[in-house]
Amino acid sequence: MKENKFLIKGGHVVTPEGIKDCGVLVENGKISALAANIEPEGARVINAEGMYVSPGLVDIHCHLREPGYEEKEDIASGTAAAARGGFTSICCMANTNPVNDNAVVTEFIKKKAAMAGPVHVYPIAAITKGLEGEELTEAGELSESGAVGLSDDGRCVKNAQIMRLALCYAKRFGIRIISHPEDMDLVNGGLMNEGYWSTVLGMPGITRAAEESMIARDCLLAEIENTGVHIAHVSTAGGAEIIRAAKKRGVAVTCETTPHYIYATDEWVKTYDTFTKVNPPLRTENDRHAIIEALLDGTIDCIATDHAPHHTDDKNVEYAIAANGISGFETAFAICWTVLVKGGLMTPEELFAKMTSEAANILNLDAGVIGEGRTADIAIISPDEKWTVNPSKFASRGHNSPFGGHELTGVVKCAIAGGEIAHGGDWACG
Amino acid sequence: MLRAKDLLGLRETSAEEIHEILNTAELMKVVITSNNKKTPHLQGRSIITVFYENSTRTRMSFELACKYMSGTASNISASTSSVSKGETLIDTARTLDVMGTDVMIMRHPMTGAPHLMARNVKAAVINAGDGINEHPTQGLLDMYTMKERFGGVKGLRVAIVGDARHSRVARSNIYGLTKMGASVVVAGPPTLLPPDLDMLGIDVTDRVDDAVRGADVVMGLRIQLERQKKGLFPTVREYHKYFGLTEDRIAMARPHALVMHPGPVNRGVEISSEVMASPESKIDEQVTNGVAVRMALLFMLTRQKPETGGIHI
């Protein structure tokens, strides 16, 4: 729906100054007014009575699979899924085919995204050519053509010297390096978290040290280069503790976790359901609590989805050869809302910040804030509505979710990006 | 009666079910040791062994068990099937299923593969070893061998020695023996012991002497010699010295304690030839009992399948 003027009325509006009960007037793609009693002429009215009117959610870590893996997802289906999940700004990782390691691919992604719809897509380019961990990509030109970060996500930059040089060089262009911390020697063919459940299930385990040792390495390298680094998908208690200590020393490290580390544990693997296979692996209940604790004390800056859609054929095989990843856009918000807010651990403002402004700040995105004059990126959320996850109904091409059948609370009724309704048009107009 | 359609592991098999399998196996052993190895229990039934890994004894044991009971036994191997052409496990399984197979017996190098197969076929699936997870019929035949010697498994002290981290035999024995009331101790080099093993209700030690001392049963596990190259132990020689079953060590067990090994054996590595040749060694008996246990299982899994309209024997 294209409307150049509409009013969102009656909701609890999430602003940097706190939650305000007021109207939000959107005109020509921008928020033109935030006030209690707006009665504009000729504006369509969206009734958000009893709902939260949040900045559109910001995801700094997802996989859109295009170019190259369109059977798993493409930019059109991925952005549609994002909008359904309330996300209006998303950053897609570079492990496409060809790899996003040059300005041509970055520009292609941006162009396809602009054609696909209103959701803002920000490409993250590779740190090294072909994700091979050997030669640096052209950070300057990538940054200029619209890449908002650099990451070999899916693969760790194994050579510490290359990682150090990447951090050093990227600083000149103000583009942040995102570390995928995983020591493959320590992973040693493991398939799930190493511990009680891997022993019970007879599965090769992955020691937490595989993740933690690389987090420690990259914190040290950033410290030595006096630059920042962002750590992707933190999943262990020890990893969070290393980052906590680094922050205390003044290292400009930021990090994210994902909804699945907040909600699921390695016990879920017990039926050998390949939808539970994700990298890093689902950890223990103790880790889950520590990750939530780290979110609460600010050690973990934001929540990202690591939306990793796959085709049925990639998952309907032996656990050992199944692809890693969870299709996460359409459950991310409700999982966090159910566990963290409904669970009494966080206030709504705190969670919205972790999924909007704090995420945007890490990569300097102009997103995640509702305010006069800002781009009209908005999510309208029904806070008490319960729903049951049905992955076969996802807008994403990837139906790989271990949350099928789970009852969650919190429904994204509508997502508006750049003043255009990206999801929930029927609801908004009805 | 077995509750489930399949036998995927002893982790999900109850003590009552194990009892019944072992009791049925006693009858089957009479058949094997008689001069007329033919019963009608599997008449009109078709089993197929689907092996993605090499095996001599397990595969032959299942096929003979089937033939002794007048069933039709067929086999495919990963190397001879369309697996090498890139067919998925599920497609292979469905193809075999619709050929009228009643029981599929699967060995696979990946944990959980038989579980995946079982979810996709009407036939009963028996796990003949999946990855480093379970080898339930080996666990059953080991318990049968102990029961035959001691009259039961309850109260026995069983020492399992060797590469417990990668051993599906160890895992199935641990689940079975603990359910049946035996006390289990696992010993091996610390690099070959998985984390939190003690949480399965057993004792764990890296001193083989401590495990063997006072044991009623000492079970050696096969060590894959390639593990040495991966750094899991320094040399075969040192492995044998500290973690092998030698005559001196076996002497610490209870008098006339059983010595067992699932085979195939690396002589002079996990177990010495002298120990293998000793009267306490039940390694050959284990193989015979394997056929009996598999006959019992095939019979029980094909006896009643109302959902597929099977015939009651």
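Since the structure is predicted, the reported quantities are computational estimates derived from the model, not experimental observations. (Residues numbered from 1 in each chain as written. Chains lettered and ligands numbered in written order. Predicted model: local features only at pLDDT ≥ 70, side-chain atom pairs only at ≥ 80, totals over all residues. Heavy atoms only, no water.)

### So, the interface of chain A and chain B
With 18 residues of chain A at the contact, the number on the chain B side is 22 residues. Across the chain A to chain B interface the summed buried area is about 1,700 Å²; carbon plus sulfur atoms make up 60%. Taken as a group, A:Thr199, A:Tyr272 and A:Glu318 account for 36% of the area that chain A buries against chain B, more than any other trio of residues on that side. Joining chain A to chain B, the criterion identifies one salt bridge. Our enumeration of links across chain A and chain B arrives at nine residue pairs in polar contact (both at pLDDT 80 or more). Tallied by class, the residues present in the side of chain A that touches chain B amount to ten nonpolar, five polar and three charged. (Contact = heavy atoms within 4.5 Å. Buried area = accessible area lost by both parts, 1.4 Å probe. Salt bridge = Lys/Arg side-chain N within 4 Å of Asp/Glu carboxyl O. Polar contact = N/O pair within 3.5 Å; in protein donor to acceptor, adjacent residues only side chain to side chain. Nonpolar A, V, L, I, M, F, W, Y, C, P; charged D, E, K, R; others polar.)

### Some details on the packing of helix H12 (residues 329-341) of chain A against helix H13 (residues 348-355) of chain A
All names here are of chain A. One way to put it is that H12 packs onto H13 with a least axis distance of 10 Å and a crossing angle of 145°. Two packed elements cross with a definite hand, and for H12 against H13 that hand is right-handed. Counted together, Ala-332, Phe-333, Cys-336, Trp-337, Leu-340 and Val-341 of H12 and Pro-348, Leu-351, Phe-352 and Met-355 of H13 form the full contact between these two elements. Of the residues belonging to the contact of H12 with H13, the class tally is ten nonpolar, no polar and no charged. (Axes fitted to C-alpha atoms, helices over the stretch in contact; angles between N-to-C directions. Helix = DSSP H or I, 4+ residues; strand = E, 2+ residues; numbered from the N terminus. Left-handed = near helix turned anticlockwise from the far one by under 90°.)

### Here we look at the sheet that holds strand E15 (residues 229-231) of chain A
All names here are of chain A. Strand order in the open sheet formed by eight strands is E8-E9-E10-E11-E12-E15-E16-E17, with parallel pairing between adjacent strands. Of all strands in the sheet, those with a lone pairing partner are strand E8 (57-62) and strand E17 (302-303), marking the two edges. Here helix H4 (residues 160-173) sits on the sheet in contact with strand E11 (149-151), strand E12 (176-179) and E15, set at roughly 150° to E12. (Pairing = 2+ DSSP bridges.)

### With respect to the sheet that holds strand E20 (residues 420-423) of chain A
Residue and element names in this part refer to chain A. As summarised here, the arrangement of the six strands in space is E3-E2-E7-E18-E19-E20, forming an open sheet in which the pairing is mixed. Strands with a single pairing partner mark the edges of an open sheet, and in this sheet they are strand E3 (18-21) and E20. Neighbour-to-neighbour, the strand axes of this sheet turn through a mean angle of 35°, independent of strand direction. Sheet topology note: the strand E2 (residues 12-15)/strand E7 (residues 52-55) ladder contains two bridges and is parallel. What sits directly across from His-12, in E7, is Tyr-52. Contacting E7, strand E18 (378-388) and strand E19 (407-417), H12 runs over the sheet at an angle of about 125° to E19. Strand contacts of H13: E2, E3, E7 and E18, with the helix running at about 30° to E7, the strand carrying the most contacts.

### Section: the packing of aromatic side chains
The final tally for this structure, using the stated rule, is 14 aromatic pairs over all chains. Ring geometry for A:Trp268 versus A:Phe403: centroids 5.8 Å apart, planes at 75°, classification edge-to-face. Taken as a pair, A:Trp268 in the loop between helix H9 (259-263) and helix H10 (285-296) and A:Phe403 in the loop between E18 and E19 lie far apart in primary sequence, 135 residues in all. Under the relative-accessibility criterion, A:Phe403 is labelled buried at 2%. With centroids separated by 5.8 Å and ring planes inclined at 15°, the aromatic side chains of A:Phe333 and A:Phe352 adopt a geometry described as stacked. With A:Phe333 in helix H12 and A:Phe352 in helix H13, this residue pair connects regions lying 19 residues apart in the sequence. Across this residue pair, the class does not change: A:Phe333 and A:Phe352 are buried. By way of ring pairs, the aromatic residues A:Tyr52, A:Phe333, A:Trp337 and A:Phe352 are connected into one cluster. Sitting above the plane of the B:Phe150 ring, B:Arg149 keeps its charged end 4.5 Å from the centroid. (Phe/Tyr/Trp six-rings, centres within 6.5 Å; stacked < 30°, edge-to-face > 60°. Buried < 20%, exposed > 50% of the residue type's maximum accessible area, 1.4 Å probe, protein only. Lys NZ or Arg CZ within 6 Å of the ring centre and 35° of its normal.)

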